[in-house]
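Remarks on the overall topology
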Amino acid sequence: MGHAAPLIDSHCHLNYKGLVERQDEVLANAREAGISGFLNISTRQSEWRDVVATAERESDVWATVGIHPHEADKHADLGRKVLRDATDHPRVIGIGESGLDYYYDKSDRNVQQALFRMHIDVARETGLPLVIHTRDAEDDTASILADELGKGAFPALIHCFTASAEFGRKVLDLGLTISISGIVTFKNARDLQEFAKEVPADRLLVETDSPFLAPVPHRGKPCEPAFVRHTAQFVADLRGEDISDLAANTSRNFMSLFTKAGKPT
């Protein structure tokens with residue numbers, strides 16, 4: 001598969017249990033499958049150093065710094081400067097993942113919202129894209145995004161998109177990018193499959209969210225970045241596109257959104 005059109009896994013957790021113990025092998029498998037880039041995502045401040053260190057060690061891995069909404073309560077006093085300073089590292093090309101999660105409600109909703117707005121503020125100042133997690137919080141996510149975009153532009157994407165088509169169209173209208181995970185391959189994901197067909201070609205990314213959400217045919221196993229190829233092939237088939245075109249488009253979209261990825265370090 002080494003000759004396959006190169007793909008970028010726009011969202012993975014290489015430092016999570018299940019991948020970190022065999023990180024070299026996981027990356028080797030993915031490269032063999034034609035995966036040419038990996039965005040290694042942070043969810044809490046204590047991870048930042050290790051997530052960035054992986055990106056320092058591996059030339060095709062980049063990093064984000066940010067706080068997941070589940071962790072918001074523990075980071076209520078993080079402070080804007082701490083996040084802002086962490087973005088200066090040459091291998092940090094994005095901010096997040098951050099956002100709102102009302103499904104699990106692991107953190108107070110007001111704290112989630114305040115931290116989300118702080119991440120947006122840093123994204124606006126630095127020009128680094130914000131990687132957004134949203135679950136069962138469509139209305140608040142959309143209204144905060146609209147409100148904040150009114151104060152000044154910032155680049156952003158909805159990662160692991162599973163929301164309604166209505167929300168999807170709303171965030172596309174706001175200028176955001178949509179990233180699709182292996183969930184799209186699940187039998188019960190019909191709404192997502194329909195919406196995946198209508199995302200403009202220049203606003204689409206693919207991801208694994210490894211070690212979670214392994215796509216068919218690996219469902220139920222730990223997910224690896226190599227599996228982004230299954231998701232990409234499935235989405236290409238849905239859209240009636242050639243996999244090599246979809247791979248070229250999603251890779252181009254990644255590099256044009258995460259512009260720092262193209263800068264020499």
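Below is a short write-up of the structure. Model, not experiment: these values are computed from the prediction.

1. Description of the pairing of strand β7 (residues 177-180)
- Here β7 shows a buried face lined by Thr177 and Ser179 and a second buried face lined by Ile178 and Ile180.
- Sheet topology places strand β6 (residues 156-158) next to β7; 2 bridges connect them, and they run parallel. Counted as the bridge partner of Ile158 is Ile178 from β7.
- Direction of pairing for β7 relative to strand β8 (residues 204-206): parallel, over a ladder of 3 bridges. Directly across from Ser179, in β8, lies its bridge partner Leu205.
- For the crossover that starts at β7, traverses helix α7 (residues 190-198) and ends in the parallel β8, the hand is right-handed.

2. What about the packing of aromatic side chains?
- Under the definition given, this model contains 6 aromatic pairs.
- Through pairs of rings, three or more aromatic residues link up here, namely Trp62, Phe254 and Phe258.
- Sitting over the ring of Tyr104, Lys106 keeps its end group 5.4 Å from the ring centre.
- Against the face of Tyr102 rests Arg109, its NZ or CZ located 4.0 Å from the ring centre.

3. Examining the packing of helix α5 (residues 138-151) against helix α6 (residues 165-173)
- Remark: α5 packs on α6, axes separated minimally by 11 Å, with the N-to-C direction vectors making an angle of 10°. Classified by the interaxial angle, the pair formed by α5 and α6 is roughly parallel. On the side of α5, the interface is formed by Glu138, Thr141, Ala142 and Leu145, while α6 contributes Phe167, Lys170 and Val171.
- Each residue belonging to the contact of α5 with α6 can be placed in one class, and the counts come to 4 nonpolar, 1 polar and 2 charged.

4. Observations regarding the layout of surface pockets
- What the largest pocket holds in volume is close to 570 Å³.
- Per-class residue counts for the lining of the largest pocket are 7 nonpolar, 8 polar and 7 charged.
- Put simply, the second largest pocket is a space of about 160 Å³.
- Looking at the second largest pocket, the residues that line it are Thr162, Ala163, Ser164, Ile183, Phe186, Asn188, Ala189, Arg190, Asp191 and Leu192.
- The residue makeup of the lining of the second largest pocket, split by class, is 5 nonpolar, 3 polar and 2 charged.

5. Some remarks on the pattern of salt bridges
- Here the structure, examined in full by the defined rule, presents 22 salt bridges.
- Ionic pairing is found between Glu148 and Arg124, a salt bridge with its closest N-O pair at 2.9 Å. A residue pair is termed long-range when its members are at least 10 positions apart, and Glu148 in helix α5 and Arg124 in helix α4 (residues 109-126) qualify at 24 residues.
- Judged by its relative accessible area of 4%, Glu148 is buried.
- The shortest N-O distance in the salt bridge between Asp147 and Lys151 comes to 3.8 Å. Placement of the pair is Asp147 and Lys151 together in helix α5, with a separation of 4 residues, close to one helical turn.
- By relative accessible area, Asp147 is classed as partly exposed at 36%.
- The exposure class of Lys151 is exposed, given its relative accessible area of 53%.

Each value, and the rule that gives it
- Residues numbered from 1 in each chain as written.
- Predicted model: local features only at pLDDT ≥ 70, side-chain atom pairs only at ≥ 80, totals over all residues.
- Heavy atoms only, no water.
- Buried < 20%, exposed > 50% of the residue type's maximum accessible area, 1.4 Å probe, protein only.
- Helix = DSSP H or I, 4+ residues; strand = E, 2+ residues; numbered from the N terminus.
- Pairing = 2+ DSSP bridges.
- Right-handed = clockwise from strand over helix to strand, strands pointing away.
- Phe/Tyr/Trp six-rings, centres within 6.5 Å; stacked < 30°, edge-to-face > 60°.
- Lys NZ or Arg CZ within 6 Å of the ring centre and 35° of its normal.
- Axes fitted to C-alpha atoms, helices over the stretch in contact; angles between N-to-C directions.
- Parallel < 35°, antiparallel > 145°, perpendicular 65-115°, else oblique.
- Contact = heavy atoms within 4.5 Å.
- Nonpolar A, V, L, I, M, F, W, Y, C, P; charged D, E, K, R; others polar.
- 1 Å grid on protein atoms, 1.4 Å probe; cavity = no way out; pocket = protein on both sides within 12 Å on 5 of 7 lines; lining within 4 Å.
- Points joined across faces, edges and corners; volume = space filled by probe spheres on them.
- Salt bridge = Lys/Arg side-chain N within 4 Å of Asp/Glu carboxyl O.

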